[in-house]
Amino acid sequence: ILLVLLTALIGPLCILCSWRSIQTQVRAFMMLILLVQGAMLVVFTALDLFLFFMMWEVTMIPMYFMITLWGGPGRINAGLKFILYSLAGSLLLLAGILALHVEAFHVGGGHTFDIIALSQLDYSATAQWWMFLAFFLSFAIKLPMFPFHTWLPDAHTDAPTAVSVMLAGVLLKMGGYGLLRINVSMFPDVAMDAAVPMAILAVISILYGAMVTFRKSDLKRLV
């Protein structure tokens with residue numbers, strides 16, 4: 001609910017901060033902002049994994065076009081980096097969802113993508129680890145967690161301000177939401193076993209990110 005409220009609040013703020021900065025193809029830009037906002041709202045409320053994946057993908061395309069069409073001097077490289085990393089994460093997410101669907105059928109859960117039903121099934125330990133890894137890598141790229149973070153500074157720097165706000169304010173939170181919604185809730189035992197390595201990666205991300213900011217003078221890149 002908090003993420004839904006955050007998404008609803010960020011949308012109008014992005015439109016307001018684009019009031020003067022976006023001068024060309026304004027209607028197309030506003031349409032893309034609304035499309036991203038709507039897709040993110042579905043991601044945070046979907047109880048069907050296939051719908052979750054589809055809306056996850058829908059957020060990616062408008063962001064790419066907003067970066068490459070209205071961004072700064074390095075917008076093409078930034079957009080390309082963003083889309084390549086996002087596609088890699090999406091493939092891992094799709095692999096995890098399909099594996100979960102197949103495994104659910106094998107343990108008697110039937111053909112379902114229902115998140116609640118899938119979280120109540122008992123999977124083999126090996127299958128849980130592989131599915132957990134696929135989902136974790138996908139969400140780590142979206143967060144982004146070290147060492148999958150290199151796409152973010154370029155996207156932030158060259159994206160229009162509204163897109164930077166949308167990116168940092170909500171879009172990256174989809175990765176954290178996915179970790180809690182799928183990794184932790186569906187595979188709690190594996191999550192407990194993987195807690196220390198994940199915590200180590202998190203601490204590295206925090207400390208490494210803090211050290212890198214000392215060398216940055218561009219405000220958007222620093223953020």
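The following paragraphs examine the structure supplied in this document. Residue numbers here run from 1 along each chain, matching the order of that chain's written sequence. The predicted origin of the model limits local features to residues at a pLDDT of at least 70 and limits the giving and counting of side-chain atom pairs to 80 or more, whereas totals for whole chains, interfaces and linings rest on all residues. Side-chain measures here rest on the full set of heavy atoms in the structure, leaving out hydrogens and waters.

Counting from the N terminus, the helices are the DSSP runs of H or I reaching at least four residues and the strands are the DSSP runs of E reaching at least two. When you go through the protein residue by residue, the secondary structure sums to 12 helices and zero strands. Helices (α) and strands (β) of the protein occur, in sequence order from the N terminus, as α-α-α-α-α-α-α-α-α-α-α-α. Relative to its length of 223 residues, the protein is compact, with a C-alpha radius of gyration of 18 Å against a globular reference of 17 Å. With respect to the principal axes defined by its C-alpha atoms, the protein has extents near 55 × 40 × 30 Å. Exposure classes here rest on a 1.4 Å probe applied to the protein chains alone. A residue is buried below 20% of its type maximum, exposed above 50%, and partly exposed in between. The proportion of buried residues among the 223 residues of the protein is 43%. Of all intrachain contacts in the protein linking residues separated by at least 6 positions in sequence, the fraction that spans at least 24 positions is 73%. Radius of gyration: C-alpha atoms only; globule rule: 2.2 Å multiplied by the number of residues to the exponent 0.38. Every residue pair with non-hydrogen atoms within 4.5 Å of one another is taken to be in contact.

This next bit is on the side chain of Glu103. Its location among the elements puts Glu103 in helix α4 (residues 75–106). His is not counted, nor are the chain ends, whereas Lys and Arg count as positive and Asp and Glu as negative. Salt bridges, as used here, are contacts in which a Lys or Arg side-chain nitrogen is within 4 Å of a carboxyl oxygen on Asp or Glu. Of the side chains bearing the opposite charge, Arg181 lies closest to the buried Glu103, which forms no salt bridge; the N-O distance is 20 Å.

When two cysteine sulfur atoms lie within 2.5 Å, the pair is treated as a disulfide. Counted by the stated rule, this structure contains zero disulfides. For Cys14, which is in no disulfide, the shortest distance to another cysteine sulfur is to Cys17 and amounts to 5.2 Å. Note on Cys14: relative accessible area 0%, which makes it buried.

For the rest of this paragraph, the subject is the environment of Phe146. Residue position: Phe146 is located in the loop between α6 (125–142) and α7 (151–158). Along the sequence, Phe146 and Gly209 sit 63 residues apart, while their C-alpha atoms lie 8.9 Å from each other. Once residues lying within four places of it in the same chain are set aside, the contact partners of Phe146 are Leu201, Ile204, Ser205 and Tyr208.

Exposure above 30% relative accessible area and the lack of any salt bridge qualify a residue for a patch; like charges then connect within 9 Å, and the nonpolar side chains Val, Leu, Ile, Met, Phe, Trp and Tyr within 5 Å. Throughout, the Shrake-Rupley method with a 1.4 Å probe supplies accessible areas, and for residues the shown protein chains are the sole cover considered. A contiguous nonpolar surface patch, about 950 Å² in accessible area, is contributed by Val196, Ile200, Val203, Ile204, Ile206, Leu207, Tyr208, Met211 and Phe214. For Val203, a relative accessible area of 43% puts it in the partly exposed group.

Residue Pro144 is bonded to the preceding Leu143 through a cis peptide linkage, with omega at -15°. With respect to the element layout, Pro144 can be found in the loop between α6 and α7. The phi dihedral of Gln25 falls on the positive side, at around 45°, and the residue is not glycine. By relative accessible area, Gln25 is classed as exposed at 54%.

Here we take up α4. How far a helix is expected to stretch is found by multiplying one less than its residue total by 1.5 Å. In this model, α4 (32 residues) spans 46 Å end to end at C-alpha, consistent with the 46 Å of a helix rising 1.5 Å per residue. Two residues or fewer after α4 comes Gly108, characterised by a positive phi angle close to 90°.

Okay, the side chain of Asn183 next. Within the element layout of this structure, Asn183 appears in helix α9 (residues 173–186). Here Asn183 falls in the buried class, since its relative accessible area comes to 1%. Any N or O atom pair separated by 3.5 Å or less is treated as a polar contact, with the protein-specific requirement of one donor-capable and one acceptor-capable atom, and with residues adjacent in sequence counted only for side-chain atom pairs. Side-chain polar atoms of Asn183 contact the backbone oxygen of Phe132, separated by 3.0 Å. When sequence neighbours within four positions are dropped, the list of residues in contact with Asn183 reads Phe132, Phe135, Phe136, Phe139, Gly178, Pro188 and Ala191.

By secondary structure assignment, the location of Asp154 is in helix α7. In this structure Asp154 touches Ala78, Lys81 and Arg221, once residues within four positions along its chain are discounted.

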